[in-house]
Amino acid sequence: APMTDFRRRNFPSWIESYTFFTKFSNSPEIFRKWGALAGVSAALQRKVYVRLNGGVIYPNLFVILCGPPGLGKSQAIAPMRDMLAALGKNLVLAPARTSPEKFIQLMCKSTRMLPLENNPYFTQSALAVFMSEFGTFLRPDDKNFMTILTDLYDCAKTWTYATLARDEERIENVYLTMLGGITPKALADNFGSIAFGMGFTARLNIIYSDDYKSPKLFIENSDPDYSPFQQDLAEMHKLSGEYTFDPQAAHELQTWVDAGMPPAPTDGRLAEYNPRRWLHLVKLAMICAACEW
């Protein structure tokens, strides 16, 4: 696994500690936990990976928090965005509103060279999209943009895009992470029955909750101190190298895949998603491993 000095860490289990720390929020626990997973995914970038199924897998996630208005989706997203913004110039955050063409330009401009211990010429184009209103980023029925995002999810070594009006755009060593909030109505509008048959939705982790809690208007700690979590996230941001599965974990994973990855959803609209569930699990395994010591 990638090496780090765990003596610098404040929390033995960063995800669990962060989820417990933010219990003052009216945001559901599952939103806060997945917000934290997406935050670590963005911090790790393309610098860590695992080799499986004849290829290289990176820990990038596409996460959408889905719930009624006023449920606390923004409260699960904003702290993560703030902590990522504090990591420095090598982590590029996208604006909340952008066109597909501008987004591709942002991907091109996100290219950075990071001299790593095992690779002094490591280069990546890593962009993090963290926004409370995902519907302002991806418009209803914008199938072309969905196709672009699908391509970028797979972390291509070289990705090109050309239109009649513009010269070819070329992006090297792609790494894209996304965390957004959306209401069930907007989800239905943006990702209707047609979209659910596309590859984009197969790459989404759609996290739903309707667990409403009335907001605590007079909490004792009105200015929570996120700095210990920020420090640990900065340490995770330094990680680089290859993750490997120990023999027992590899056996358990393969056994689950061979058995059809039970319990398997039976809704026909998830036919694109079901075969990729092992991929989501592997990504989450890398993220959780980075958070533990």
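Conventions used here
Residues numbered from 1 in each chain as written. Predicted model: local features only at pLDDT ≥ 70, side-chain atom pairs only at ≥ 80, totals over all residues. Heavy atoms only, no water. Helix = DSSP H or I, 4+ residues; strand = E, 2+ residues; numbered from the N terminus. Rg over C-alpha atoms; globule rule 2.2 N^0.38 Å. Buried < 20%, exposed > 50% of the residue type's maximum accessible area, 1.4 Å probe, protein only. Contact = heavy atoms within 4.5 Å. Areas by Shrake-Rupley, 256 points an atom, 1.4 Å probe, with all protein chains shown as cover. Lys, Arg positive; Asp, Glu negative; His and termini not counted. Charge placed at Lys NZ, Arg CZ, Asp CG, Glu CD. Core = buried A, V, L, I, M, F, W, Y, C linked by side-chain atoms within 4.5 Å. Axes fitted to C-alpha atoms, helices over the stretch in contact; angles between N-to-C directions. Parallel < 35°, antiparallel > 145°, perpendicular 65-115°, else oblique. Left-handed = near helix turned anticlockwise from the far one by under 90°. Nonpolar A, V, L, I, M, F, W, Y, C, P; charged D, E, K, R; others polar.

Visitor: A description of the overall build of the protein chain should follow, citing residues and the corresponding values.
Guide: Counting its regular elements, the protein chain contains 10 helices and 11 strands. Relative to the globule expectation of 19 Å for 293 residues, the C-alpha radius of gyration of the protein chain, 19 Å, shows essentially globular dimensions. Over its C-alpha atoms, taken along the principal directions, the protein chain stretches across nearly 55 × 45 × 45 Å. Buried residues in the protein chain amount to 49% of all 293 residues. In the protein chain, the proportion of contacts linking residues at least 24 apart, taken out of those at least 6 apart, comes to 77%. Surface accessibility of the protein chain: about 14,200 Å² in total, with carbon and sulfur atoms responsible for 55%. One way to put it: in the protein chain the 30 positive side-chain charges average out to a point 4 Å from where the 30 negative ones average out.

Visitor: Can you lay out the nonpolar core for me, pointing to particular residues and giving the numbers?
Guide: Counting 80 residues, the largest nonpolar core has W14, F103, F130, F137, L149, L176 and F200 as the members making the most contacts within it. Looking at which element gives the most residues to this core, the answer is helix α2 (residues 29–44), with nine residues. If sequence neighbours within four positions are ignored, F103 has contacts with T98, L127, V129, F137, F145, L149, L152 and L176. In this structure, Y49, Y58, A126 and C155 belong to the second largest nonpolar core, which totals five residues.

Visitor: Account for the packing of α2 against helix α3 (residues 73–85), naming residues and giving values.
Guide: One can describe the packing of α2 onto α3 by two numbers: an axis separation of 9 Å at closest approach and a directional angle of 25 degrees. If you check the angle between α2 and α3, you find them roughly parallel. The crossing of α2 and α3 is right-handed. Seen from α2, the contacting residues are F31, R32, G35, A36, G39, A42 and A43; seen from α3, they are K73, A76, M80 and L84. When grouped by side-chain class, the residues that make up the contact of α2 with α3 number seven nonpolar, two polar and two charged.

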